[in-house]
Structure formats: structure tokens, C-alpha cells
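Residues per chain are reported as follows:
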Amino acid sequence: MIEDREIEILINDVFEYYGLDFSGYSQASFKRRVYRLIQLDGFLNFSEFLIRVKTDPEYFKRMVEEITVNVTEMFRDPLFYKVLRNEILPVLGTKPFIRLWHAGCSTGEEVFSMAILLKEANLLHKSLIYATDLNGIVLETARKGIFPLQMMKQYSENYMASGGKKDFSHYYTANYGLAKFEEDLLEKMVFSQHNLISDTSFNEFDLILCRNVLIYFDKDLQERALKLFDDSLAKLGFLALGTKETIKFSHLKSRFQQFEKEKIWRKIN
Amino acid sequence: MEENKLISGCKVLIIGGSAGSLEVLMKIFPKLGPVSSFAIVIVLHRKNTEDSLLEELFALKSQIPVKEVEDKVKLLPGSIYIAPSDYHLLFEKNDLLSLDISEKVNFSRPSIDVSFESAAAIYGSSLVAILLSGANADGTQGLIEVKKAGGTIIVQKPENSKMPFMPQNAVNHTSPDFILDEGEILKLISAINS
């Protein structure tokens, strides 16, 4: 493994050279990611890796891409999507216009899941989905709406478990091992690079989804991100987190009411 | 077997297992009295579902309270924490748990290796790790790290395991402090810190 001291040096140097601040990341996970990358790219030791990061901006991009976790899937946690479908969207549907923000959207699987839900609720035409990530490379993938065909069986099962009634394959065209999703799903999506740590609020939303991103932050950084979400939510707007994430440690919890037992909170104050 | 070698200074007992391990735990935990000086963390290969059946089962069968694992909850002595399905469970400074959805390790999420290694980095010699029955190689690398950090490592006797591959692999590649059957594991846990 790597020493804590080495991680500290890396974080300091990255901030000094590139202005990106990883100091509030969950240490255990960050350390594992760095160690994995060093192994993966065949560096002999930490120093060799550090020099490469400092002297090669292209490699630094790779580091950011590999260190941030980009594991995602469509309709991950189908029961969560079922609640969105049956409970939350009908509430949002009463508004003339719906603004949504997927913060930390990675390669976009959850954004497309959301667009499918909105379409089936006949709300997509009056919605706008902002999807942001720190990592520009994953956004390029997300923008294409093309995902590996081999995943479709799993996604189709998830979709059905979320209450989807259609034949899932109706949403994409299969070609050469890839599934390309319908263009009309993309029409209401806006992709943009955004850093939850250093960037500010950029709009007011009715629903913010940030699932399995805060787990990579320490408590202070989580607090900062939650403040950003609070600043970006309309009154009575919803915040959706991952199934094992919580706002109960945050000062902001009194401003929100949890929606039943779900990891969905409504801004009440 | 060094039956009399008591384990002292244990802050965290971490147990990893796969196929065949739940039955072992269901024999041990109903007979285990309350513990006060250490936390128990259980990392089992489990189905990727959103239910909390495993948590409910332990709550029902054990006198030791089961705490729900959410990101950044504090690990308290006297309680059981179970790694949630589809997340890796990691350990942070200040006794906090954290979660991670990165790639599977040994085809598993949660991976036993990941949790053992992470616990070893934080708890060092105050960690006791037990590896139970299972059919893949997960856990061995983690035990190596626990040992290296000064912790105590225990492996279920392969001949006593429903799926001997996982404990046998550990026996072949590590030097366990104890190799025990389920009855002996129960005795040992009861004797920790006493």
C-alpha cells in the first residue's frame, strides 16, 4: 500500500500544479484508487508516479479520470426509481416547467434512466435535465448516449423492477455490441463540467440527484456540497442521494424532511 | 492449538465469509453474549439486492445490537455492522466507516480483501480478522495485510467448512494465528479482551 504521508504530498502537489483540491476526499477510498492506478500503469514506486503526474498534464487528466469512481448503471436501485416514478414525478408534474440536476453524473446512465421516466410520465417535453461531472471525459461518453449492449439485459431487468411497462429495447438501437439510445431522450439534457467542491450554484432546481458521490467526500466536504444543493433547490424541491448516504450528520437536516424511508429529502424551509 | 493465548486490546473484530459462512455465523451468534470492548464488522458476499434481510436475521438471532451501515457512521464498541450489498466497506480515521462503489474485487462487492486491508491500515494490532467458508480467493490478501499490520488472523478449519476453498487458500498463503472450527471460534470470540 501507500503511506498516508505520500497521499498528502500528492494532494498538495496536485493542488499546487493544477488547482484541483482532493483534500476533502474520503481517505480510505482515495488511497485505494491511487494505489490501484500505480499498479495499473506499472509504476515502480510512488515517486515515479508523482513525477509523471506533475510533469505530464495529459497523464494528470488520466489520473483524475481513474481516481474518480465512474461505476454507474441504468436504474441502479430499481426501488428508488419506482418511488421517483410513482411518488415524486406526479408532484413535479404539476409545475409548468421542471428543472433537474444530476450532480456527478459520470457516464450518464442515470441521466438516461431519468429521461425515460420523464418520457413515460409525459413530462419530458417540459423538463430540462442538467447533468454535470468533474471529469470532462465521462461527459463526452454521456453526451453520446451509447452504452455497451451486454449491459442491456441487466438494465432491462432493473427497468422492469422500477415499474417500467414497455419493452426496454424499444429505447435503443443495437449495433456492433453497442446500444444507442433514442435522440429524443437527449434533447432535454444539458451536459457541463462542474466541480462540487469549488464551483457555485448555477440555477434553481426542483429535483437534484447526487447518488453515490458524497460517499467519496469527508464530512466537511459533504457539508459543503449539501450547502450547494440547498442553495440550488427551489422551495419544496427534492434532493435524492444514494441508498447508503444521509444528511443526518449535516446542519442542514432541519431544513429538509425525509420522504418516507427513502433517501429523498424535501426542502421545507 | 494455543487455546490459552488470549487476544487483548481488540477494538474491531472483522469477519469475512462467502458460500457456507452464514450457517456458521448463525451457529455462533445466537450463543454469543453481549460484547462491550470491541465492534464487530461482518463482510459477506451477498446478493445484489436492496433488502436488509441479513441485517434483520442478525438482529433476530443475536443479543448484540445491529447498527445500520450508512456512509460515515461511527463504529461503536458493542455493536454489529454488516457491509451493505453492492458497496465496498472501508475504514476511516476517527472510527468512521465509509462506502465505495468502485469496481468489484475478486468478482465481489463487498470484497473481503478490500475491507480487511482498509481495517488493517486503521486498526493495526487492535484488529482481529476471521475468514470463514467460501468458494473463491477473496480474503487471503486481506489477511496478509492484517497480519503485516500486527493484527490477529483466524481461519475456519477447511475440513470444517462447507466450502473449503476460501479458508484453504488462506491457510496456504498466510500464517494464521488460529485455525479453528465453529465451536472454537465461538469460544475464542467470547474470550477476546476478557
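Relevant structure appears above.
What you see is a predicted model; the values in this text were computed from it and never measured. (Residues numbered from 1 in each chain as written. Chains lettered and ligands numbered in written order. Predicted model: local features only at pLDDT ≥ 70, side-chain atom pairs only at ≥ 80, totals over all residues.)

Colleague: Help me get a handle on the sheet that holds strand β7 (residues 205-210) of chain A, residues and values and all.
Modeller: Residue and element names in this part refer to chain A. Read across the sheet, seven strands follow the order β6-β2-β1-β7-β8-β10-β9 without closing on themselves; strand pairing throughout is mixed. A single partner strand is all that each edge strand has here, and the edge strands are β6 (189-193) and β9 (256-258). On average, each strand axis in the sheet is tilted by 20° relative to the strand beside it, whichever way the strands run. Of the pairings in the sheet, the one linking strand β1 (residues 98-103) to strand β2 (residues 127-133) comprises six bridges and is parallel in character. (Pairing = 2+ DSSP bridges. Helix = DSSP H or I, 4+ residues; strand = E, 2+ residues; numbered from the N terminus. Axes fitted to C-alpha atoms, helices over the stretch in contact; angles between N-to-C directions.)

Colleague: Which residues make up the packing of helix α1 (residues 21-28) of chain B against helix α6 (residues 182-191) of chain B, and what values do they have?
Modeller: Residues and elements named next belong to chain B. Two elements in contact, α1 and α6, have axes separated by 10 Å at closest approach and are oriented at 50°. Considered as vectors, α1 and α6 are oriented oblique to each other. Pair α1 / α6 crosses with right-handed handedness. Residue-level inspection shows V24, K27 and I28 of α1 in contact with α6, the latter providing E182, I185 and L186. (Parallel < 35°, antiparallel > 145°, perpendicular 65-115°, else oblique. Left-handed = near helix turned anticlockwise from the far one by under 90°. Contact = placed C-beta atoms within 7 Å.)

Colleague: Before we move on, can you summarise the sheet that holds strand β2 (residues 39-44) of chain B with the specific residues and values?
Modeller: Read from one edge to the other, the open sheet built from seven strands follows the order β3-β4-β2-β1-β7-β8-β9 (chain B), with strand pairing classed as parallel. Only two strands of the sheet have a single neighbouring strand rather than two, namely β3 (66-67) and β9 (178-180) of chain B.

Colleague: Describe in detail the environment of A240 of chain A, supporting the description with residues and values.
Modeller: Within the secondary structure, A240 of chain A sits in strand β8 (residues 233-241). Sequence separation between A240 of chain A and W265 of chain A is 25 residues; the distance between their C-alpha atoms is 6.5 Å.

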